[in-house]
Amino acid sequence: MLFFTLIGESVFSRGLSIAVAGMLIVFVTLILLTMFIAALPRVLAVVDRVWPEIDHSGHHREHPESHGDDDGAVLAAIGYVLHQEFQRSASDTKKSE
Amino acid sequence: MNILLEFLKTTGFASMTLGNAVMILIGIAFITLAIRKDYEPLLLVPIGMGAIVGNIPVIEGVALSVYDDARWMLENGEVTYVPGSVLSYLYFGVRQGIYPPLIFLGIGAMTDFSTMLSNPKLILLGAAAQIGVFLTFFGALFMGFTFQEAGAIGIIGGADGPTAIFLAAKLAPHLLGAIAIAAYSYMALVPVIQPPIMKLLTTREERLIRMKPPRHVSKRERMIFPVVAFLITTLIAPGAIVLLGMLFFGNLLKESTVTERLAVTARTALIDIITILLGFSVGASTQADTFLNPQSLLIFGLGALSFAVATAGGVLFAKFMNLFLTDKINPLVGAAGVSAVPDSARVVQMVGQKEDPHNFLLMHAMAPNVAGVVGSAVAAGVLWSVLTK
């Protein structure tokens, strides 16, 4: 009986210490990660003064002069002008007939 | 006639056991759940089909089963090489823990850590949810499992299939089938298991909390994060090197912007191939004689407990954090710490929107969700290094 009690206790104490230590390690790891992420913008703000972030995306597929946001509006304007011109030339042709 | 009778003896019908029939029905149930209910179809269809394939009784003396490994045999004084079955070669990647890190590579290449980077305190919810892992480990010890088995069972609470398979392969290979099936089943059942626990532990006012929109995260932050995060996590828990190394490597491929082709391959073709191989071979390993036993039932029970405790841990820790925070966290978000990406985040969104249709919690829930992936990998690393013989 004493033997089983001792085994039970040793399993209990070892199991408990592994569980507590494991949980603690996970927390410490993720707390450190949290601290690093929280500090990162401040560190980068300092780094940016010395070594500003350059947009290296030379892989842009758009035309270099393209302004993504405006492109749609420009195309719509061109389309509108073309449509007007076609309408005008069509009505001119009808009049001449 | 004799030839016909001999042939009939070799058919699956002749040697089919009740256990095989039950497992085939379970396989069909998995496929049905995936198709009808859309529960993790990418996993349940391969696992279900694998379970059906693995439970067709094999012909004696013919290498067909997952467990028919290649071996050297001494016969009449001569050493001969007996090749293994095709399924055993596919299963090799599971047994040796090769597939899970490759899945992590794909996950890394598809994960956007921006929400986590914009609100780092939510990472702690991913840590809190790991309490399910360690409490279940402790509980499993009292149910008569060895330390190694208990560690492998506990990680089911991490709600991360690849991590569960990886750790089970290292600590308790004989329980791999049951643990993998339990882990993936509970991941598929996230929309069923989590909402009642979330509602039970939160008030309506708490569920209505709206969180501040995440800040913009610069490209430089996203590039630096995978490298430094890998260093921090694995210097503390070196057991997680393989899983986290691949996770952060995949993420670096995505964020570096110069390896887009590799990132696309990792998050599409590669992860799909590995998911097929992993799911199918894990399913095929659930042969009735090794799977249908009281131990598997216990593992399923402990897995459910682990999952529930992990969910509760995340929610309660969010409530605890709210005691000190001025910008309150919606405690529902804590449930996403269990790391079943992105299902648990979707469940948070769903439960939150039931209370307030204009409250969008998905973005916020993704932070503890991906932190949970990191947390469960760290937990697996700790358990592996502590419990390895």
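Treat the numbers as computed from the prediction; the structure is a model and nothing was measured.

Talk me through the overall build of chain A; I want residue IDs and the actual numbers.
Regarding its fold elements, chain A presents two helices and zero strands. Counting all 97 residues of chain A, 12% fall into the buried class.

Tell me about the overall build of chain B, and please be specific about residues and values.
Secondary structure summary: chain B contains 21 helices and two strands in total. Here the C-alpha coordinates of chain B stretch approximately 80 × 45 × 40 Å along the principal axes. Considering only contacts within chain B whose residues lie at least 6 apart along the sequence, 74% involve residues at least 24 apart.

With reference to specific residues and values, describe the interface of chain B and chain A.
On the chain A side, the residues contacting the 32 residues of chain B number 24 residues. Elements supplying a minimum of two residues to the side of chain B that touches chain A: α8 (123-128), α9 (131-142), α15 (219-236) and α21 (362-387) of chain B. Top contributing element to the side of chain B that touches chain A by residue count: α15 of chain B, with eight residues. Tallied by class, the residues present in the side of chain B that touches chain A amount to 23 nonpolar, six polar and three charged.

Please provide a residue-by-residue account of unusual backbone geometry, values included.
Residues and elements named next belong to chain B. Here the bond from Val341 into Pro342 is cis, since omega is -10 degrees, no more than 30 degrees from zero. In this fold, Pro342 is placed in the loop between α19 (294-322) and α20 (343-355). Here Asp38, not a glycine, exhibits a phi torsion of approximately 60 degrees, which is positive. Among the residues examined, Asp38 registers 11 C-beta atoms within 10 Å and is labelled exposed. Although it is not a glycine, Asn76 adopts a positive phi angle of roughly 50 degrees. Considering the arrangement of structural elements, one finds Asn76 in the loop between β1 (71-75) and β2 (78-82). Using a count of 5 C-beta atoms within 10 Å as the deciding quantity, one classes Asn76 as exposed.

Any chance you could break down helix α3 (residues 18-37) of chain B for me, citing the residues and the numbers?
In an α-helix, one turn spans 3.6 residues, which is why side chains three or four residues apart end up on the same side. All names here are of chain B. End to end, α3 covers 27 Å across 20 residues, agreeing with the expected 28 Å (1.5 Å per residue, within 8%). Considered for burial, the residues of α3 that qualify are Asn20, Met23, Ile24, Ile26, Gly27, Phe30 and Ala34. Buried positions in α3, seen along its axis, are confined to an arc of 155 degrees and lie on one side of it. Turned more than 90 degrees off the buried face of α3, the exposed positions are Leu18, Ala21 and Arg36. The inward-facing, buried residues of α3 abut α4 (41-54), α17 (260-284) and α18 (288-291).

Explain the pairing of β1 of chain B to me, using residue names and the numbers behind them.
Residue and element names in this part refer to chain B. Buried residues are scarce in β1, accounting for zero of its five residues. Examined bridge by bridge, β1 and β2 share five bridges and lie antiparallel to one another. Residue Arg71 lies in a different strand from β2, and its bridge partner there is Val82.

Go over helix α12 (residues 176-188) of chain B with me, naming the residues and quoting the values.
With 13 residues, α12 of chain B extends 18 Å between its outermost C-alpha atoms, agreeing within 8% with the 18 Å of an ideal straight helix rising 1.5 Å per residue. Within α12 of chain B, 13 of the 13 residues are buried, leaving the element largely enclosed by the surrounding structure.

So what about the confidence of the model for chain B? Which residues, and what values?
On average, residues of chain B carry a pLDDT of 91, and 100% of them reach 70 or more. For this predicted complex, the interface confidence reaches an ipTM of 0.88, while the overall pTM sits at 0.84.

Tell me what's going on with the nonpolar core, and back it up with residues and numbers.
All names here are of chain B. Counting 144 residues, the largest nonpolar core has Ala168 and Ile179 as its most contacted members. When residues in this core are grouped by element, the largest group, 15 residues, is from α21. The contacts of Ile179, once residues within four sequence positions are left out, are Ala152, Ile153, Ile156, Ala164, Ala168 and Ile299.

Any chance you could break down the pairing of β2 of chain B for me, citing the residues and the numbers?
Taken across its five residues, β2 of chain B has zero buried, putting it largely on the surface. Hairpin connection of β1 of chain B to β2 of chain B: two residues between the antiparallel strands, including Asn76 of chain B at a positive phi of 50 degrees.

Report on the packing of α9 of chain B against α19 of chain B, specifying residues and quantitative values.
Residues and elements named next belong to chain B. Orientation of α9 relative to α19, taken along the N-to-C sense of each, is 145 degrees, at an axis distance of 7 Å. The chirality of how α9 crosses α19 is right-handed. Taking contact as the criterion, the partners of Ile131, Gly132, Val133, Leu135, Thr136, Gly139 and Ala140 in α9 are, on α19, Leu302, Leu305, Ser306, Phe307, Val309, Ala310 and Gly313. Grouping the amino acids of the contact of α9 with α19 by side-chain chemistry returns nine nonpolar, five polar and no charged.

Mind laying out the environment of Tyr186 of chain B, listing which residues take part and the relevant values?
Residues and elements named next belong to chain B. By the element assignment, Tyr186 lies in helix α12. Given 26 C-beta atoms within 10 Å, Tyr186 falls into the buried group. Separated by 29 residues in the primary sequence, Tyr186 and Gly157 place their C-alpha atoms 9.1 Å from one another.

Describe the packing of α20 of chain B against α21 of chain B, with residues and values.
All names here are of chain B. Relative orientation of the contacting elements α20 and α21 amounts to 145 degrees, with a least axis distance of 8 Å. Helix-helix and strand crossings are classified by hand; for α20 and α21 the assignment is right-handed. Contact with α20, carried on its side by Ser344, Ala345, Arg346, Val348 and Gln349, involves Leu362, Ala365, Met366 and Asn369 of α21 and no other residues of that element. Here the residues of the contact of α20 with α21 are counted per class, giving five nonpolar, three polar and one charged.

So what about the environment of Thr268 of chain B? Which residues, and what values?
Residue and element names in this part refer to chain B. Within the element layout of this structure, Thr268 appears in helix α17. For Thr268, a count of 13 C-beta atoms within 10 Å gives the class partly exposed. Sequence separation between Thr268 and Ile107 is 161 residues; the distance between their C-alpha atoms is 9.8 Å.

Scoring rules and cut-offs
Residues numbered from 1 in each chain as written. Chains lettered and ligands numbered in written order. Predicted model: local features only at pLDDT ≥ 70, side-chain atom pairs only at ≥ 80, totals over all residues. Helix = DSSP H or I, 4+ residues; strand = E, 2+ residues; numbered from the N terminus. Buried ≥ 20, exposed ≤ 12 C-beta atoms within 10 Å, placed from the backbone. Contact = placed C-beta atoms within 7 Å. Nonpolar A, V, L, I, M, F, W, Y, C, P; charged D, E, K, R; others polar. Expected span 1.5 Å × (residues − 1). Arc of directions from axis to C-beta. Pairing = 2+ DSSP bridges. pLDDT = per-residue confidence, 0-100. Core = buried A, V, L, I, M, F, W, Y, C linked by C-beta atoms within 7 Å. Axes fitted to C-alpha atoms, helices over the stretch in contact; angles between N-to-C directions. Left-handed = near helix turned anticlockwise from the far one by under 90°.

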